[in-house]
Amino acid sequence: MGNVELLNKLSFSIVGSRRCSEYGEKVTQRFTKEIISLGLVTVSGMANGVDTIVHETSIKNNGETIAVLPSGFDNIYPKENKELYKKIIENKGLAISEYEPHEIADSKKFIRRNRLVSALGECLIVTEAAYRSGTSITARFAKEQGKKVFCVPSGIDNRCGIGTNKMIKSGHSLLTGISDIFDEVESEKLEAYKEKYNKELIMNMNIKNIPKECKKVYDVIWDRPTSIDYIFNKTTETIADISYKLTILELEGFIKSIPGGFYEKKYL
Amino acid sequence: MLSITQSMAMNGLNGYLVSVQVDVANGLPYFEIVGLPDTIVKESKERVRIGIKNSGYDFFSKRIIINLAPANTKKLGSIFDLAIAIGILTSLGIIKECELNNYVLVGELSLDGKIRKIENALAICIEMNRKGIKNIILPKDNEKEVSIVKGINIYAVTTLREVVEHFNEEKLIDKSSVNSYSDYFKQEEYEIDFSDVYGQEKVKRVLEIAAAGSHNVLMIGSPGSGKTMLAERFQTILPPLSFKEYLEVAKIYNLYSDNLNSEIKRPFRTPHYTITERALIGGGDIPKPGEVTLANNGILFLDEFAEYKAHTLDVLRTPIEDKKITISRVNSKVEFPANFILIAAMNPCPCGYYGSTVRECTCSENSRRRYLHKISGPLLDRFDLIIYVNLLPYKKLNTYNMKKSSKNIRERVIAVRDIQNKRYEKLNINNNSELSNSLIREFCKLDEKSKVLLEKFYMNKNITTRRYNKILKVSRTIADLDSEGNIKYKHIAEALQYSEKGVRL
């Protein structure tokens, strides 16, 4: 259903746990964005959590994305993602399924779905996986299909990231930046993208200009959740001033607010 | 012989005159009260008969009919005793011809001829004042509570005999003196203070804005982060009740409070989340006000907001918007005021730790979503200010300085309320939160820069127009706190910081 052309394009698969941490969400968004900005297609399974983030981020950044469904088109699973499914198709995306429209999802189909997800991508990226996760099955398929698996490492105290760390231990590649993929995957098809990536990297070095008045507030925010009380204690400004500066920083895209009343620097 | 005396009764919050018509005729001894009396009124027969006898007057065996007009409303309680007794004594000729009609008589008679305290004296006096009725005779025990009402002559009595002598001009009762409001009403003093709360500067700021502009607040935070503590302290930063507000509150409490002797202060109502719809908005055969009315001119604090029944919460939508509630029953329709500041507190998810840095959340995304969906969108839209309250890490607990005391905040709040009162002097509103759409356009003018900012936010976050207006109202209050005549860029930006963000999934 949707833009079948996408199957001929070069794509990367990105998968992860249904339940992901703030960190998992962040890195998923980051890598999806980078891949999209290179003009590559993303592939994922439209499950909750990481998969949903991949599709949503792709669409938001005007990218192309392929969703592999574990059910027929009339029984979208999970139900909450019906809207997402429509959005994917409306935004030049593609949804594919090996089942009759009326068939419903079950655990066997999830596994078969994972096989397709890994098969469609040039390589597989796992952004976050818990101790026991369907993601490890996807990784196994990828290996059997002769594709490289890249895992994003997690802090050792992150329960949602035990699986990814374990996969790295067992021999899959470590992913800290898209350049890792270009270094490890040797394929002629990727050459053009590699060049483009290097060029953009240089451009990104010029960080956007932060409004002068907001600089002080911006400087005390970390790249992990920072509470407003912390900012208040580290600067000499009033709560009123801090609040309005945070709004400006957020709307201009320098920081991001996180549920719970926290802020963090955005990856630029 | 027929004689007519006046008394007063309450229907909801409105008082109405009851004319007590007494006819005494010769014939077989007979004593009947008509005009929809309840049991207490019916029993006044005995109290009146023996009360008169024990005051030293003869109670002749005659044919006595008493009508309480208007005859179609139900009469409750013992307050008509005095009017009935005086009516009978006039008909019997014991009280000479006089201008009985100029007086409202209320009081319960005891068998020894003494006059006992009644329940709704204050409400009745306030209503008399409103209707322009001048004289009232009431029990001495009620004198103190009503002494605050100006513009009416209050005669307080202890026995039936005093009343008779007053009307016969044998011994006149002195008028009660009027206490001025400032003497009567002491500044509220609280044992709790904002400086008790460590950190949480943002929440304190938000509560200050809420107090200044009378805005509704929703606090979302982990268990133990201090939501309840902060909400309780919210009352300490509100200005003292004005005379007008005091009378409104006093009237409601005089009529409906279980605790008659408690001192009247700015209401702070905290109903438990098992509350029924009726208890919340009012109801009953004879309509009684609910929590929203008892919180009139004060605060309605709903803790554990998501635990209330969804339906119960949704009935709040109209009183929040209209500042009043109309209760219709088969034979009566009553309108109660419901002008309160709503403070609600809830957890972000069933386990309570979503977004916390201290403990990990164990809820699935689904259960979290279901939890938040208990608060309907339209209801969420009615909160002007929505904020997260974080748990503080332990090491920070002792390092925070405590410079914001309730007294300081309260002074600022009072100053801002004065600004608003001046601005809206000619209009029928008191504060920024009551601005209607057309008034928003008049009082919340924006410069170009602010418009661009707001437009960006509007597009980005897909907010409703009601939310948009709320943002403008809150910015108006923030500008007032800054003593600025016009709303500036930074006021809008700050207001955006406290609006719905990340609450909906």
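The structure we're discussing is the one just above.
Residues numbered from 1 in each chain as written. Chains lettered and ligands numbered in written order. Predicted model: local features only at pLDDT ≥ 70, side-chain atom pairs only at ≥ 80, totals over all residues. Heavy atoms only, no water.

A. How the structure looks around the packing of helix H7 (residues 201–213) of chain B against helix H20 (residues 465–481) of chain B. Residue and element names in this part refer to chain B. Two elements in contact, H7 and H20, have axes separated by 9 Å at closest approach and are oriented at 95 degrees. Comparing the axis directions of H7 and H20 gives the class roughly perpendicular. Each of Arg205, Glu208, Ile209, Ala212 and Gly213 in H7 lies in contact with H20, whose residues at this interface are Val474, Thr477, Ile478 and Leu481. In terms of residue class, the contact of H7 with H20 is made up of five nonpolar, two polar and two charged. (Axes fitted to C-alpha atoms, helices over the stretch in contact; angles between N-to-C directions. Helix = DSSP H or I, 4+ residues; strand = E, 2+ residues; numbered from the N terminus. Parallel < 35°, antiparallel > 145°, perpendicular 65-115°, else oblique. Contact = heavy atoms within 4.5 Å. Nonpolar A, V, L, I, M, F, W, Y, C, P; charged D, E, K, R; others polar.)

B. Region of the structure containing the packing of helix H3 (residues 121–131) of chain B against helix H9 (residues 243–256) of chain B. Residue and element names in this part refer to chain B. Running from amino to carboxyl end, H3 crosses H9 at an angle of 135 degrees, the nearest separation of the two axes being 7 Å. The angle between the axes of H3 and H9 places the two elements in the oblique class. Regarding H3 and H9, the two cross each other, and that crossing is left-handed. Taking contact as the criterion, the partners of Ala121, Leu122, Ala123, Ile126 and Glu127 in H3 are, on H9, Leu247, Ala250, Lys251, Asn254 and Leu255. (Left-handed = near helix turned anticlockwise from the far one by under 90°.)

C. Structural context of the state of the cysteines. All names here are of chain A. Counting across every chain of the model gives zero disulfides over all chains. Cysteine 151 takes part in no disulfide bond, and the closest cysteine sulfur, belonging to cysteine 123, lies 11 Å away. Considering cysteine sulfurs only, cysteine 20 is the nearest to cysteine 160, which forms no disulfide, with 7.2 Å between them. Under the relative-accessibility criterion, cysteine 160 is labelled buried at 8%. (Disulfide = S-S within 2.5 Å. Buried < 20%, exposed > 50% of the residue type's maximum accessible area, 1.4 Å probe, protein only.)

D. Expanded view of the sheet that holds strand E17 (residues 341–346) of chain B. Residues and elements named next belong to chain B. The five strands are arranged E11-E14-E17-E10-E18 in an open sheet whose pairing can be described as parallel. Pairing within the sheet leaves two strands with one partner each, and these edge strands are strand E11 (268–269) and strand E18 (385–389). Across four bridges, the pairing between strand E10 (residues 217–221) and E17 is parallel. Its bridge partner being in E17, methionine 219 is matched across the sheet by alanine 345. (Pairing = 2+ DSSP bridges.)

E. Representation of the packing of aromatic side chains in the model. Scanning all chains against the criterion turns up eleven aromatic pairs over all chains. Pairing A:Phe73 with A:Tyr85 gives two aromatic rings, centres 6.1 Å apart and planes at 25 degrees, and the pair type is stacked. On the criterion of sequence distance, the pair formed by A:Phe73 in the loop between strand E3 (65–68) and helix H3 (82–90) and A:Tyr85 in helix H3 is long-range, its members being twelve residues apart. On the basis of relative accessible area, A:Phe73 is assigned to the buried category, the value being 19%. A:Tyr85 sits in the buried class, given a relative accessible area of 11%. An aromatic cluster is built from B:Tyr273, B:Phe305, B:Tyr308 and B:Phe383, whose rings are joined through pairwise contacts. A cation sits over an aromatic face here: A:Arg30 above A:Phe31, 5.5 Å from the ring centre. (Phe/Tyr/Trp six-rings, centres within 6.5 Å; stacked < 30°, edge-to-face > 60°. Lys NZ or Arg CZ within 6 Å of the ring centre and 35° of its normal.)

F. Geometry of unusual backbone geometry. In the segment running from A:Tyr77 into A:Pro78, the intervening peptide bond is cis, with an omega of -15 degrees. Its place among the elements puts A:Pro78 in the loop between E3 and H3. Note that the residue after B:Ala69, namely B:Pro70, is joined by a cis bond; omega there is 0 degrees. With respect to the element layout, B:Pro70 can be found in the loop between strand E4 (63–69) and helix H2 (81–91). For B:Glu304, which is not glycine, the phi torsion reads 50 degrees and is therefore positive.

G. Up close: the nonpolar core. Formed by 107 residues in total, the largest nonpolar core has its most connected members in B:Ile66, B:Ile88, B:Ile136 and B:Phe305. At eight residues, H9(B) tops the list of elements feeding residues into this core. In contact with B:Ile66, not counting residues within four places along its chain, are B:Val20, B:Gln21, B:Val22, B:Phe31, B:Glu32, B:Ile33, B:Val34, B:Ile84 and B:Ile88. Formed by 72 residues, the second largest nonpolar core is a distinct cluster that contains A:Tyr218, B:Ile341, B:Leu439 and B:Ile492. (Core = buried A, V, L, I, M, F, W, Y, C linked by side-chain atoms within 4.5 Å.)

H. Region of interest: the interface of chain A and chain B. On the chain B side, the residues contacting the 28 residues of chain A number 35 residues. With both sides pooled, the region where chain A packs onto chain B buries about 2,800 Å², and carbon together with sulfur makes up 53% of that total. On the chain A side of the contact with chain B, A:Arg19, A:Asp229 and A:Leu251 bury the most area, a combined 21% of that side's loss. Here chain A is connected to chain B by two salt bridges. Put simply, B:Lys490 and A:Asp241 hold a salt bridge, and the shortest N to O gap is 3.8 Å. On inspection of chain A and its partner chain B, the count reaches ten residue pairs in polar contact (both at pLDDT 80 or more). For the side of chain A that touches chain B, the secondary-structure elements that each account for two or more residues are helix H10 (228–234), helix H11 (239–251) and strand E10 (262–265) of chain A. By residue number, the principal contributor to the side of chain A that touches chain B is H11(A), which donates ten residues. (Buried area = accessible area lost by both parts, 1.4 Å probe. Salt bridge = Lys/Arg side-chain N within 4 Å of Asp/Glu carboxyl O. Polar contact = N/O pair within 3.5 Å; in protein donor to acceptor, adjacent residues only side chain to side chain.)

I. The sheet that holds E3(A), seen in detail. Residue and element names in this part refer to chain A. Spatially, E4-E3-E2-E1-E5-E6-E7 is the arrangement adopted by the seven strands of the open sheet, whose pairing is parallel. Edge positions in the open sheet fall to strand E4 (94–96) and strand E7 (173–174), since each of these has one partner strand only. Sheet topology note: the strand E6 (residues 149–151)/E7 ladder contains two bridges and is parallel. Counted as the bridge partner of cysteine 151 is leucine 174 from E7. Docked against the sheet, helix H1 (residues 22–37) engages strand E1 (11–16), strand E2 (41–44) and strand E5 (124–128), running at close to 150 degrees with respect to E5.

J. Summary view of the pairing of strand E15 (residues 324–328) of chain B. All names here are of chain B. With burial as the criterion, only one face of E15 is covered, namely that bearing Ile325 and Ile327; the residues Lys324, Thr326 and Ser328 on the opposite face remain uncovered. Strand direction decides the pairing type here: E15 and strand E16 (residues 333–337), joined by five bridges, are antiparallel. The partner of lysine 324 across the bridge, within E16, is proline 337. What sits between the antiparallel neighbours E15 and E16 is a turn of four residues.

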